[in-house]
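Working through the structure, step by step
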Amino acid sequence: MSVSFDGLGLSPELADTMTRLTSVGATLARIIARNGLEANLAEAAGTNAGGDGQKALDVIADEAFMDALRDGAVRYYASEEQDDVVDFETGTLALAIDPLDGSSNIDVNVSIGTIFSIFPKAEGPDESFLRPGTEQIAGGYIIFGPQTALVVSFGKGVQQWVLEPGTDIWTRVADPKPLPHETSEYAINASNYRHWPQPIRAFIDDMVAGAEGPRGRNFNMRWIASLVAETHRIISRGGVFLYPGDDRKGYERGRLRHVYECAPIALLITQLGGGATDGADPILNALPDRLHARTPFVFGSSTKVARVAAYHDLPHDESHALFNSRGLFRS
Ligand SMILES: O=P(O)(O)OC[C@H]1O[C@](O)(COP(=O)(O)O)[C@@H](O)[C@@H]1O
Ligand SMILES: [Mg+2]
Ligand SMILES: [Mg+2]
């Protein structure tokens, strides 16, 4: 196994935990590349705590991370695939994980990932995870795509490693650049348009109207349905991502999980000078009320994230035409 976190000021416990995560990442990259040769990794495998159908790879990834982290520095292991926090009984850290993000893409050979968040262990499991994301000592993801990469923040910028294909060798590459403040690209699952709250509809309407609309220019849209892949694109070239709450049953607080999806992504994005909110307030300051809590999530280039918040501040019946006539948001 070869990966180095030298020079980043990590405690031996955190460096060991990161080494274990990258080791599983290399193993999963090999398993994913062989999908369909022996096993079908997208095969239905059960239902998780959030009521989502699990695929074979969700379970394989969860078990691989659990096995690798046991007997290390992680005391509490919280996973999307486990109802409750798993107590490894020794260790000083608490790790929350989405072992396999973007499950609906397993069978279509599109980028998927693993998202993780690490805290110093607090008194018990609840105290360890139900706290502000500002207290994370690490947050990041591994992306399994044409290239397997690790992108992580230990609270001082964002660092990136790339896996040499077919090996366990991770090589550090150039740090991601700060996000551009402005962007012309947005990501949202537009099939839910009729369910969105008015401020989100108004924000999207104004971009869809393009050069002829109040914004006076054209925008581009992407939706991969894989938070990791979406984040990687935004880190690479900017953009804004939205998964708002909506009026579908169970989606009042959106779809994404606060602890092991949104908080670590918010750490990365804010370290790169971007914004990450629930539509109005910063995700990193918010307190999840339970392990699998959902939150509306908006992140990316700071000007766009601030604009979404501004739409939320408007009285309900104000329209984009009013925005335009006020000259507030032309860009
Ligand atoms: O299918 P939808 O509603 O567009 O949701 C897509 C979102 O769901 C997720 O797949 C949820 O993550 P999991 O695959 O880990 O459940 C995100 O990666 C993605 O952003
Ligand atoms: Mg996920
Ligand atoms: Mg998942």
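Residues numbered from 1 in each chain as written. Chains lettered and ligands numbered in written order. Predicted model: local features only at pLDDT ≥ 70, side-chain atom pairs only at ≥ 80, totals over all residues. Heavy atoms only, no water.

Looking now at the coordination of the magnesium ion (ligand 3). The magnesium ion (ligand 3) binds to the protein through Glu80 (OE), Asp98 (OD) and Leu100 (O); the donor distances cover 2.1 to 2.2 Å. On the primary sequence, the residues serving as donors to the magnesium ion (ligand 3) are separated as E-x17-D-x1-L. A gap of 3.7 Å separates the magnesium ion (ligand 3) and the magnesium ion (ligand 2), which Asp98 links by coordinating each metal. With Glu80 in the loop between β3 (74–79) and β4 (86–87) and Leu100 in strand β5 (residues 93–101), the pair connects residues that are 20 residues apart, well separated along the chain. Neither residue differs from the other here; Glu80 and Leu100 are each classed as buried. (Donors = N, O, S within 2.8 Å, 3.2 Å for Na, K, Ca; no water. Helix = DSSP H or I, 4+ residues; strand = E, 2+ residues; numbered from the N terminus. Buried < 20%, exposed > 50% of the residue type's maximum accessible area, 1.4 Å probe, protein only.)

Turning our attention to the packing of helix α1 (residues 12–33) against helix α2 (residues 56–69). Interaxial distance between α1 and α2 falls to 9 Å at its minimum, and their mutual angle equals 150°. If you check the angle between α1 and α2, you find them roughly antiparallel. Seen from above, α1 lies across α2 with right-handed handedness. Counted together, Thr17, Arg20, Leu21, Val24, Leu28, Ile31 and Ile32 of α1 and Leu57, Ile60, Ala61, Ala64, Phe65, Ala68 and Leu69 of α2 form the full contact between these two elements. In terms of residue class, the contact of α1 with α2 is made up of twelve nonpolar, one polar and one charged. (Axes fitted to C-alpha atoms, helices over the stretch in contact; angles between N-to-C directions. Parallel < 35°, antiparallel > 145°, perpendicular 65-115°, else oblique. Left-handed = near helix turned anticlockwise from the far one by under 90°. Contact = heavy atoms within 4.5 Å. Nonpolar A, V, L, I, M, F, W, Y, C, P; charged D, E, K, R; others polar.)

Here the UniProt-annotated "binding site: substrate" (unreviewed entry) positions come out as Asp101, Gly102, Ser103, Ser104 and Asn189. Here Asp101 shows up in strand β5. Of note is the side chain of Asp101, whose polar atom sits 3.1 Å from the backbone nitrogen of Leu227. Note on placement: Asn189 falls in the loop between β11 (185–187) and α4 (198–208). Classification of Asn189 as partly exposed rests on a relative accessible area of 23%. In this structure Asn189 touches Trp196 and Trp223, once residues within four positions along its chain are discounted. (UniProt positions renumbered as here; feature names shortened; annotations may be inferred. Polar contact = N/O pair within 3.5 Å; in protein donor to acceptor, adjacent residues only side chain to side chain.)

So, about the nonpolar core. Counting 40 residues, the largest nonpolar core has Met18, Leu21, Phe65, Tyr77, Ile118, Leu150 and Phe154 as its most contacted members. If you list the elements that add at least two residues to this core, you get α1, α2, β3, β5, β6 (112–120), β7 (138–144), β8 (148–153) and β9 (159–163). Discounting residues that sit within four places of it in the chain, Ile118 has contacts with Leu14, Thr17, Met18, Leu21, Leu93, Ala94, Leu95, Gln136, Ile137 and Ala138. Ranked by size, the runner-up nonpolar core spans 28 residues in total, among them Tyr243, Ile265, Ala266 and Leu284. (Core = buried A, V, L, I, M, F, W, Y, C linked by side-chain atoms within 4.5 Å.)

This brings us to the pattern of salt bridges. Enumeration over the complete set of coordinates arrives at 15 salt bridges. Residues Asp16 and Arg20 are paired through a salt bridge, measuring 2.8 Å at the closest nitrogen-oxygen approach. Of this pair, Asp16 and Arg20 both sit in helix α1, four residues apart, which is roughly one turn of the helix. Looking at Asp16, the relative accessible area reads 30%, which means it is partly exposed. Residue class for Arg20 comes out partly exposed when judged on its relative accessible area of 24%. Across the pair Arg307 and Glu182 runs a salt bridge whose closest N-O atoms are separated by 3.3 Å. Of this pair, Arg307 sits in helix α7 (residues 302–313) while Glu182 sits in the loop between β10 (170–173) and β11, placing them 125 residues apart in sequence. By relative accessible area, which is 29% here, Glu182 ends up partly exposed. One network of salt bridges, in which partners are shared, links Glu182, Arg217, Lys304 and Arg307. (Salt bridge = Lys/Arg side-chain N within 4 Å of Asp/Glu carboxyl O.)

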